[in-house]
Amino acid sequence: MPTILGQNQYGKAENRVVKITRDGATHHIKDLNVSVALSGDMGDVHYSGSNAHVLPTDTTKNTVFAFAKEHGIESAEQFGIHLARHFVTSQEPIKTARIRIEEYAWERIATSDGNSRFIGADEVRHSFVRKGQELRTAQITYDGERWEVISGLKDLTVLNSTNSEFWGYAKDKYTTLKEAYDRILATDVSAKWRYNWTDDEQRMPNWEKSYRQARTHMLEAFAETYSLSLQQTLYQMGSRIINSRSEIDEIRFSLPNNHHFLVDLEPFGLKNDTADGAVYFAADRPYGLIEATVLRDGVEPGIPVDLTNL
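Draft legend 1. Structural detail: the overall build of the chain. Counting its secondary structure elements, the chain contains six helices and 12 strands. With respect to the three principal axes, the spread of C-alpha positions in the chain is 75 × 75 × 35 Å. Buried positions account for 41% of the 310 residues belonging to the chain. Of the contacts made within the chain by residues no fewer than 6 positions apart, 67% connect residues no fewer than 24 positions apart.

Right, dumping it as structure tokens:
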């Protein structure tokens with residue numbers, strides 16, 4: 001049976017780039033993991049092995065590092081835009097460039113006056129500690145005319161110790177779960193949101209501010225929603241972002257339900273769930289996995305459903 005070539009792409013994955021910007025004695029850090037995927041007129045290399053249209057993946061790696069110096073890293077999104085535009089406009093066979101970026105957050109280490117004196121500085125402004133919270137993500141795709149920017153985060157662990165219930169659900173002969181009228185609700189948020197900025201004629205969003213605000217709205221909605229289900233909380237988180245940020249049209253969540261079960265302390269003569277607190281067992285697996293997309297009314301979905309899930 002004859003065969004034909006289907007969708008294909010190539011590039012250099014997971015280029016770890018650390019950019020230090022020196023503003024006198026004050027330093028700033030950007031720490032990215034950048035993956036480049038290029039596609040276009042690549043039939044010959046697959047059919048005959050001709051590399052005439054192939055820009056080496058080593059070259060794409062070098063470009064990532066050179067651009068970090070030449071253009072700096074204002075934001076993950078802006079850096080990805082520089083890269084995608086370069087690959088599509090500088091290589092005729094390349095029709096589409098997709099740049100995926102993970103950003104590792106750092107914060108400045110606060111030091112004591114005593115330590116500062118010992119090293120002869122009034123203030124230490126070049127020491128950082130890696131934040132143990134979420135990983136910021138960005139995916140930038142460019143086809144020479146239109147842009148698609150999907151930002152997001154993953155591994156943002158959140159927990160409500162009350163104001164969560166789960167009852168009134170369907171039951172069959174295999175159902176053993178007891179209804180809960182006061183439970184812990186915890187999850188590791190994975191979220192991707194799509195911007196409505198698609199061409200160079202539009203005003204570009206402030207990527208850093210937009211990310212910070214989207215994260216803030218997400219957390220506020222999680223904290224302020226009296227939850228009857230994780231699905232309800234998910235929808236409130238997405239709605240809060242879309243209603244508050246005009247530049248975002250769509251957001252998709254993947255939320256594992258990190259179950260916390262009351263420990264049976266009766267064998268030890270102890271009553272567990274009392275007015276002054278309770279002890280729980282945090283189960284890491286299996287877990288319920290809740291996923292959904294929240295859209296601005298009238299907008300067609302564009303985020304692939306498999307971009308966030310297992």
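So that's the structure; there's more coming.
Draft legend 2. Structural detail: the pattern of salt bridges. In this structure the tally under the stated criterion is 18 salt bridges. The closest approach of N and O atoms between Arg285 and Asp284, which form a salt bridge, is 3.9 Å. Taking the relative accessible area as the measure of exposure, Asp284 reaches 56% and is therefore exposed. Beyond isolated ion pairs, a larger network of salt bridges with shared partners links Lys30, Glu77, Glu103, Arg136 and Glu208.

Draft legend 3. Representation of the sheet that holds strand S12 (residues 288–295). Strand order in the open sheet made by the eight strands is S1-S2-S3-S6-S7-S8-S9-S12, with antiparallel pairing throughout. If you trace the sheet from one side to the other, it starts and ends with strand S1 (15–23) and S12, each paired once. Strand after strand, the sheet turns through a mean of 20° between neighbouring axes, direction not considered. Sheet analysis places strand S3 (residues 94–104) next to strand S6 (residues 135–142), joined by seven bridges and oriented antiparallel.

Draft legend 4. Local environment of the packing of helix H5 (residues 207–224) against helix H6 (residues 230–244). Where H5 meets H6, the axes come as close as 8 Å, and the angle between the chain directions of the two elements is 140°. One finds that H5 runs oblique with respect to H6. Regarding H5 and H6, the two cross each other, and that crossing is right-handed. Between H5 and H6, the contacting residues are Ala214, His217, Met218, Glu220, Ala221, Phe222 and Glu224 on the first element and Thr233, Gln236, Met237, Arg240, Ile241 and Ser244 on the second.

Parameters and conventions
- Residues numbered from 1 in each chain as written.
- Predicted model: local features only at pLDDT ≥ 70, side-chain atom pairs only at ≥ 80, totals over all residues.
- Heavy atoms only, no water.
- Helix = DSSP H or I, 4+ residues; strand = E, 2+ residues; numbered from the N terminus.
- Buried < 20%, exposed > 50% of the residue type's maximum accessible area, 1.4 Å probe, protein only.
- Contact = heavy atoms within 4.5 Å.
- Salt bridge = Lys/Arg side-chain N within 4 Å of Asp/Glu carboxyl O.
- Pairing = 2+ DSSP bridges.
- Axes fitted to C-alpha atoms, helices over the stretch in contact; angles between N-to-C directions.
- Parallel < 35°, antiparallel > 145°, perpendicular 65-115°, else oblique.
- Left-handed = near helix turned anticlockwise from the far one by under 90°.

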